[in-house]
Amino acid sequence: MNIELPKLNFRDRALEPLWDKVVSGGRLDFDDGMAMYRTPDLMTLGRMANWAAERRHGKKVYYVLNRQCNPTNFCVLDCKFCEFARRKGESGGWAMGMDEIFGHCEGGIREIHIVGGLNPDWGFDTYLDIVRQIRLKYPDLGIKAWTAVEIEWFSRVAKKSIRQVLQELKEAGLDMLPGGGAEVFSERVRRELYKPKIGWDKWSEVHRAAHELGIPTNSTMLFGHIETYEERVDHVLKLRALQDEAPGFRTFIPLAFQPGNTGIPVNRASAQEDARTVAASRLLLDNFDHVKAYWVMLGAEMASIALNFGASDMDGTIGREKIVHMAGASSPEGLATDSMRKLIREAGKEPQERDIFYRHVSTPDLTLASA
Ligand code: SF4
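Residues numbered from 1 in each chain as written. Predicted model: local features only at pLDDT ≥ 70, side-chain atom pairs only at ≥ 80, totals over all residues.

Caption draft 1: Molecular detail of the overall build of the protein chain. Broken down by element type, the protein chain carries 15 helices and nine strands. With respect to the three principal axes, the spread of C-alpha positions in the protein chain is 60 × 50 × 40 Å. Here the protein chain, with 371 residues, has 48% of them falling under the buried criterion. Of all intrachain contacts in the protein chain linking residues separated by at least 6 positions in sequence, the fraction that spans at least 24 positions is 79%. (Helix = DSSP H or I, 4+ residues; strand = E, 2+ residues; numbered from the N terminus. Buried ≥ 20, exposed ≤ 12 C-beta atoms within 10 Å, placed from the backbone. Contact = placed C-beta atoms within 7 Å.)

See below:
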């Protein structure tokens, strides 16, 4: 898309060569990533990223009528930062039946986003059947389900290859994988915060296999805890390299860490940090269509601000989200459609409703709210 170049007044000369690369279609490297995290000139960085987003999408910002469903929070793992999971027999645990899961799919939504714990009582067949039954009952609903952590676990408990698991899920009706479980692709951080959980090797194996099978996926980064700027840049560059080799990522989603009662220190968490991380990601990920302002973790107002720092997707109306809210997020559990559109307009952008595949759609009843 041809759009006018903004006239930038650089207060930090270190950003000038980066801007030259961005405008000429060059690729930013690790040092450029670090320069973006270190610059005091956040507003210029934001304008650079905003231009990069508008070059792809004009003023359009995407959202989808969706809902989250977390069918179970029983989990065999025990990640330090997780306030969602429960051990078998612990109070506060749940495992939904199909009627309850169907209840999350009602209301004219276009996408259901399903993630949960690794329930020791549920074999792969139970997880597979959830997808199959939703597909049968709601043939037009976009189904985005199970993170790489879940897929890798299915493969182990079912003694099937990751590829076979994904193939069976696709045949059952799965449209897309969410991007969760990535956290930060640093072995140092993994050992410290989520040692039993998969790292980059397995996470990338799952997403590579999904892309090769024609299943698009998302990607995430959990930031604002013990990770360094170097680890953030490295994380994003790993994703960029994988996208070059096996394209299929739709969106990158920076997730602001919610400390809850975990006792993990919150580090470099502020509105400025959120905006900086969105902008740096947008400029580094030159082969990704979208960086998402995930309002559930950023908060609705901050997500709206992030739309001028390179984000071009607001995710969806959500509703019934549990994972982030059990960790103490203060954002509402759902946004009505008209609130979503208002936040996008307040950022000077044009709301564009989409389906799971980013096809433009339009739902006439704009009062449809999350349940
Ligand atoms: S983060 Fe996921 S894998 Fe880790 S304990 Fe929580 S639900 Fe289980």
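That was the structure; now back to the text.
Caption draft 2: Structural context of the environment of Met176. Turning to its location among the elements, Met176 is positioned in the loop between helix H7 (162-172) and helix H8 (187-193). On a C-alpha basis, the gap between Met176 and Lys7 in space is 39 Å, while along the polypeptide they are 169 residues apart. Setting aside anything within four residues of it in sequence, one finds Met176 in contact with Lys144, Ile215, Pro216, Thr217 and Ile356.

Caption draft 3: The pairing of strand S3 (residues 111-114), seen in detail. On S3, burial covers both faces: Glu111 and His113 on one face and Ile112 and Ile114 on the other are all buried. Judged from the four bridges that link them, S3 and strand S4 (residues 142-145) form a sheet pairing that is parallel. Counted as the bridge partner of His113 is Lys144 from S4. (Pairing = 2+ DSSP bridges.)

Caption draft 4: Highlighting the nonpolar core. The biggest cluster of nonpolar side chains holds 101 residues, and the ones touching the most others in it are Ala279, Leu283, Ala293 and Ala306. With near-sequence residues (within four places) excluded, Ala279 lies in contact with Met36, Leu45, Gly46, Ala49, Phe309 and Gly310. (Core = buried A, V, L, I, M, F, W, Y, C linked by C-beta atoms within 7 Å.)

Caption draft 5: Inspection of H7 at higher detail. Of all the residues in H7, the buried ones are Val165, Leu166 and Leu169. The arc enclosing the buried residues of H7, seen along the axis, measures out at 95°, which places them on a common side. Count one or two residues on from H7 and you reach Gly173, which has phi positive near 125°. (Arc of directions from axis to C-beta.)

Caption draft 6: Expanded view of helix H6 (residues 148-158). Most of H6 is tucked away: eight of the eleven residues are buried. For H6, the set of buried residues is Ala148, Val149, Glu150, Ile151, Glu152, Trp153, Phe154 and Ser155. Of the surrounding elements, those touching the buried residues of H6 are helix H5 (124-137), H7 and helix H9 (200-212). Just downstream of H6, Lys159 is the residue with a positive phi angle, here 55°.

Caption draft 7: Examining the site of the ligand more closely. Surveying the vicinity of the ligand reveals the residues Cys75, Leu77, Asp78, Cys79, Cys82, Phe84, Ala85, Gly117, Leu118, Val149 and Lys197. Residues that form the shell around the ligand fall into these classes: eight nonpolar, one polar and two charged. (Near = placed C-beta within 6 Å. Nonpolar A, V, L, I, M, F, W, Y, C, P; charged D, E, K, R; others polar.)

Caption draft 8: Local environment of the packing of H6 against H9. Running from amino to carboxyl end, H6 crosses H9 at an angle of 90°, the nearest separation of the two axes being 9 Å. The angle between the axes of H6 and H9 places the two elements in the roughly perpendicular class. For the pair H6 and H9, contact is made by Ala148, Ile151 and Glu152 and by Lys202, Trp203, Val206 and His207, respectively. Classifying every residue of the contact of H6 with H9 by side-chain character gives four nonpolar, one polar and two charged. (Axes fitted to C-alpha atoms, helices over the stretch in contact; angles between N-to-C directions. Parallel < 35°, antiparallel > 145°, perpendicular 65-115°, else oblique.)

Caption draft 9: Representation of the sheet that holds strand S2 (residues 66-69). Strand order across the open sheet formed by three strands is S2-S3-S4, with parallel pairing between neighbours. Each end of this open sheet is capped by a strand with a single partner; those strands are S2 and S4. Strand after strand, the sheet turns through a mean of 20° between neighbouring axes, direction not considered. Against the sheet, H5 makes contact with S3 and S4, and its axis sits at roughly 170° relative to S4, the strand it touches most.

Caption draft 10: Focus on the sheet that holds strand S1 (residues 60-64). Taken in spatial order, the three strands make up an open sheet running S8-S1-S9, and their pairing is parallel. Since the sheet does not close on itself, it has two edges, and those belong to strand S8 (313-316) and strand S9 (350-353), each with one partner. Strand-to-strand twist in this sheet, taken as the mean axis angle between neighbours without regard to direction, amounts to 25°. For S1 and S8, the ladder comprises two bridges, and the chain directions are parallel. Following the sheet pairing, Tyr62 is matched in S8 by Asp313. Of the strands in this sheet, S1, S8 and S9 are in contact with helix H15 (residues 337-346), which crosses S9 at around 140°.

Caption draft 11: Structural context of the confidence of the model for the protein chain. Looking at the protein chain, pLDDT values average 92 and 94% of them are 70 or higher. A low-confidence stretch, residues 366-371 stays under pLDDT 50, and its non-local contacts, those more than four residues away or across chains, total 23 contacts. (pLDDT = per-residue confidence, 0-100.)

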